[in-house]
Amino acid sequence: MIRVLLADDEDLMRAGLRMMLQTQPDLTVVGEAADGRETVRLAAATAPDVVLMDVRMPLLDGVAATRQITGAAQHGGPRVLILTTFELDEYVFDAVRAGAGGFLLKRSPPEVLIDGIRTLAAGEALLGPSITRRLLAEFARATPAAHQPEITRRLSRLTGREHGVLLLLGRGLSNAEIAARLHIGEATVKTHVTRVLDKLALRDRVHAVVFAFDHGLVRPGGG
């Protein structure tokens, strides 16, 4: 059973989400919050697998709430799925940096949202390659951070193949695209991705993109 916490300041939105999720035998709603502070409190109290997070809420916005939730449980904690009205909402970029595992538009069909919850609960990121590339372009507005000794040490743990996979992840390639580029099977790519995330202490592939860009491993439009 996948435990879901609903966070949205609109009563009708939460009610609609609850009714939709209750039709699924493997999903259960463990709590509802109308503001960011209550979301953080309930995330700690109810231990959900996935938090459906609105970005614009009173008292504490969804980005700050995401940061607190993911920061309190770096491993094995709730996954945050951002629900937004606009695909390129500026809050989305901040939320990804704060630890969100992906995002969906509020107008997404019910089956897309339900599948997204299951995807995040399974430990995968919910951010398609095209959106990842757009995120990368947005990150280009900031200056990449210089390598710190700790970052260099973490990167040194990677094998040559794993480093190559990290670079392709950073460019927004899917597992299938990486497999084709490296002439290996998708299952092998998945294994490499898992090892990269583990060695670099990253939550998911979305944050591998952030890591690669922040530390100058990839550049928009290039390698």
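Up top is the structure these notes are about.
On a predicted model such as this, the values are computed, not experimentally measured, just so you know. (Residues numbered from 1 in each chain as written. Predicted model: local features only at pLDDT ≥ 70, side-chain atom pairs only at ≥ 80, totals over all residues. Heavy atoms only, no water.)

What follows covers the overall build of the chain. The helix and strand tally for the chain stands at 11 helices and 5 strands. Taken across its 223 residues, the chain has 49% of its residues classed as buried. (Helix = DSSP H or I, 4+ residues; strand = E, 2+ residues; numbered from the N terminus. Buried < 20%, exposed > 50% of the residue type's maximum accessible area, 1.4 Å probe, protein only.)

Turning our eyes to something else, we now look at the packing of helix α1 (residues 11–21) against helix α5 (residues 110–121). Where α1 contacts α5, the two axes come as close as 11 Å, and the packing angle between them is 75°. The orientation of α1 with respect to α5, classified from their angle, is roughly perpendicular. Side by side, α1 and α5 meet where Leu 17, Met 20 and Leu 21 of the first sit next to Pro 110, Leu 113, Ile 114 and Ile 117 of the second. Counted by class, the contact of α1 with α5 contains 7 nonpolar, no polar and no charged residues. (Axes fitted to C-alpha atoms, helices over the stretch in contact; angles between N-to-C directions. Parallel < 35°, antiparallel > 145°, perpendicular 65-115°, else oblique. Contact = heavy atoms within 4.5 Å. Nonpolar A, V, L, I, M, F, W, Y, C, P; charged D, E, K, R; others polar.)

The phi dihedral of His 183 is positive, around 60°, even though this residue is not glycine. The topology assignment puts His 183 in the loop between α9 (175–182) and α10 (186–200). Its identity as a non-glycine residue notwithstanding, Ala 201 has a phi of 55°, on the positive side. Turning to its location among the elements, Ala 201 is positioned in the loop between α10 and α11 (205–214).

A few words on the sheet that holds strand β4 (residues 79–84). The 5 strands are arranged β2-β1-β3-β4-β5 in an open sheet whose pairing can be described as parallel. The sheet is open, and its two edges are formed by β2 (27–33) and β5 (102–105), each paired on a single side. Across the sheet, the axes of successive neighbouring strands diverge by a mean angle of 25°, strand direction being ignored. Bridge count for strand β3 (residues 50–54) against β4 is 5 bridges, and the pairing is parallel. (Pairing = 2+ DSSP bridges.)

Turning our eyes to something else, we now look at α11. With 9 of 10 residues buried, α11 is to be regarded as a mostly interior element. Every buried residue of α11 is accounted for by Arg 205, Val 206, His 207, Ala 208, Val 209, Val 210, Phe 211, Ala 212 and Phe 213. Of the residues one or two after α11, Gly 216 is the one with positive phi, at around 70°.

Here 6 bridges tie strand β1 (residues 2–7) to β2, and the two strands are oriented parallel to one another. Bridged to Leu 6 within β2 is Glu 32. Taken together, β1, α1 and β2 constitute a β-α-β crossover, and its handedness is right-handed. (Right-handed = clockwise from strand over helix to strand, strands pointing away.)

As a further point, take the nonpolar core. Counting residues in each nonpolar core, the largest one holds 23 residues, and the members touching the most others are Leu 155, Leu 166, Ile 178, Leu 200 and Phe 211. In contact with Leu 200, not counting residues within four places along its chain, are Arg 154, Leu 155, Leu 158, Leu 166 and Phe 211. (Core = buried A, V, L, I, M, F, W, Y, C linked by side-chain atoms within 4.5 Å.)

Let us now look at the pattern of salt bridges. Within the structure shown, the criterion is met by 8 salt bridges. The partner of Arg 14 in a salt bridge is Asp 11, and the shortest N-O contact between them spans 2.9 Å. Taken as a pair, Arg 14 and Asp 11 lie in helix α1 at a separation of 3 residues, close to a single helical turn. The buried category is assigned to Arg 14, whose relative accessible area is 12%. Ionic pairing is found between Glu 38 and Arg 41, a salt bridge with its closest N-O pair at 2.8 Å. (Salt bridge = Lys/Arg side-chain N within 4 Å of Asp/Glu carboxyl O.)

With that settled, consider the pairing of β5. The alternating pattern of β5 places Gly 102 and Leu 104 and Phe 103 and Leu 105 on opposite faces, both of which are buried. As paired strands, β4 and β5 are joined by 4 bridges and run parallel to one another. Of the residues in β5, the one forming a bridge with Leu 81 is Gly 102.

Structurally, the position occupied by Ile 178 is in helix α9. Residue classification places Ile 178 among the buried positions, given a relative accessible area of 0%. Note: C-alpha distance between Ile 178 and Gly 164 (14 residues apart in sequence) is 9.5 Å. Discounting residues that sit within four places of it in the chain, Ile 178 has contacts with Val 165, Leu 168, Leu 169, Leu 173, Val 189 and Arg 205.

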